[in-house]
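Take a look at the letters that make up each chain.
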Amino acid sequence: MKRNEFLLGEKFIVPSYDREKLQTSILHMGTGAFHRAHQAYINEQYIKQTGDLKWGIVGSDLMSATLAAKLKEQDYLYTLVTKGAKQDDITIIGCIKDMYVGVHNSQALLAKMCDPSIRIVTLTITEKGYYRKDKQSIQIDNEAIQHDLQNPNEPKTAIGYLVHALDIRRKNSILPFTPLSCDNLPQNGATLKAMVLSFAKEYNQELYQWIKENVPFPCSMVDRITPATTQEDIEKLEKTGIQDAAPVVTEPFLQWVIEDKFVNGRPDWDILDSVQFVKDVAVFEEMKLRLLNGTHSTQAYLGYLAKYPYIATCMQDLSLQKLIRTMMDTDITPSLTCPPGINLDKYKDSLIERYKNPSICHRTWQIAMDGSEKLPQRILNPIREQLAKNKSITYLSLAVAAWIRYVSGIDEDNNKIDVRDPLADELRAIAEKYEYNKNINDMLQAYLNIESIFSSDLPQNEKFVSSVTSWLTKLYEEGARVVIAKAATQI
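Everything numeric here is computed off the predicted structure, so don't read it as measured data.

Parameters and conventions
- Residues numbered from 1 in each chain as written.
- Predicted model: local features only at pLDDT ≥ 70, side-chain atom pairs only at ≥ 80, totals over all residues.
- Heavy atoms only, no water.
- Phe/Tyr/Trp six-rings, centres within 6.5 Å; stacked < 30°, edge-to-face > 60°.
- Helix = DSSP H or I, 4+ residues; strand = E, 2+ residues; numbered from the N terminus.
- Buried < 20%, exposed > 50% of the residue type's maximum accessible area, 1.4 Å probe, protein only.
- Lys NZ or Arg CZ within 6 Å of the ring centre and 35° of its normal.
- Pairing = 2+ DSSP bridges.
- Axes fitted to C-alpha atoms, helices over the stretch in contact; angles between N-to-C directions.

Caption draft 1: The arrangement of the packing of aromatic side chains in detail. Scanning the model with the defined rule gives 7 aromatic pairs in all. Aromatic pair Phe262 and Phe277: ring centres 6.2 Å apart, planes at 85°, arrangement edge-to-face. Of the two residues, Phe262 sits in the loop between strand 10 (255–259) and strand 11 (275–278) while Phe277 sits in strand 11, which places them 15 residues apart along the sequence. Both residues of the pair, Phe262 and Phe277, count as buried. Summarising the aromatic geometry, the rings of Tyr301 and Tyr406 are spaced 5.6 Å apart at their centres and angled 50° between planes, so their arrangement reads as tilted. Note that Tyr301 is positioned in helix 11 (residues 282–305) and Tyr406 in helix 17 (residues 394–407), a separation of 105 residues in sequence. Through successive ring pairs, a cluster of aromatic residues spans Trp403, Tyr447, Phe454 and Phe464. Above the plane of the ring of Tyr78 lies Arg36, whose end atom (NZ or CZ) is 4.7 Å from the centre. Here Lys474 stacks its cationic end above the ring of Trp471, 5.1 Å away from the centre of that ring.

Caption draft 2: Focus on the sheet that holds strand 7 (residues 178–181). A sheet is described by the order of its strands in space; here 5 strands give the open sequence 5-2-1-6-7, paired in parallel fashion. Edge strands, defined here as strands with exactly one partner in the open sheet, are strand 5 (96–101) and strand 7. On average, adjacent strands in this sheet sit at an angle of 25° to one another, irrespective of strand direction. Direction of pairing for strand 1 (residues 24–29) relative to strand 6 (residues 120–123): parallel, over a ladder of 4 bridges. Following the sheet pairing, Ile26 is matched in strand 6 by Ile120.

Encoded structure:
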């Protein structure tokens, strides 16, 4: 049964426009839950409000055909369930018209990216998808990157696809598309540009210069909590009459701040209250990365150790709730420049309310993933700024200690933690070498010596090392719940 046949009636908001006439001018790389809850939803609202049918989306997945197969059976329609504290809202999203699977047919995906109709390529490929060696250089020796350098017609990585598609467009005098990163990275557009140029320089000097001169890479800041969809979510949806193999659940809050720098046109997304086009995204993303993502990660590590399965469960511990809000006020806010038009106190209040939403089952274990890549931007950079200003790092250093305790791989009941991290083996090996908690000073120093995470400055800072050592010792000796409770009483 096609979705169009049963998604009828006034109960659900179905696409009101003619999908047959919807053109596809946006190609998205990494069509997971977040994209479908955020950029696709915004695009859907834009199309509905304006009737502008030029800006449909073509999705893609480089690694797996699973989602594409599910969505194809549903004519690429899917359900977005917005979970408020008191009720759910259901919206049917129709602006994705097709999906390409790179691992099955890379040439077809590459050809679509070269189609003149594609004017924007958006990306949610996670930190790992950028293959960063450092701020300006890609991991040239990486096997996947080497493959893409040597096989331009059959790329595997997002960077390879972007560079080779731009090369084909250049050779055929086709206006370039605008690559628009939507990943949670500081200055994500600048990062994407650096990796694309690093790859292109290795591949073709003329192409490198052409991209440098002709292709903009806008930065953007995205925000919407989107937990993994559960079987319970699917079954609950079925009770409403919707059979959806690929629904997405999300929270009511939504924000997208975009640097207004496009080469080939763009939708006027800013007719929506949730979208802003600005000259400088940096202050917005710094606010979000530190206040939201930083405290989210802190709750993930402390909460998991304290046996709190979800962020909302963490917020039921009033001591942890108090600790997180104090962390925002004393350890993070002094490191920020307030974005124009933002009231930071109200923003922080809204974060606590979002965290407390009992309908959003965002697992602490899920948020804890890939911490070695997230820690520098979310926790360590504000620590550096606080140290430079001689300000508090009390709770930021607790976050570092909780991360170390978590990635050791053994919880407080001596059960194995399923640590998902690019450095998981190295992190676990350090804990095993020092027998977990039997030599905390040496174990901590071994973690701090991982230069890709901590660089060379923080391990030499006595105040930082002392604070992390104190918290890590307490976490091992007293346990997370006791540490949370004692920390809160000192506030």
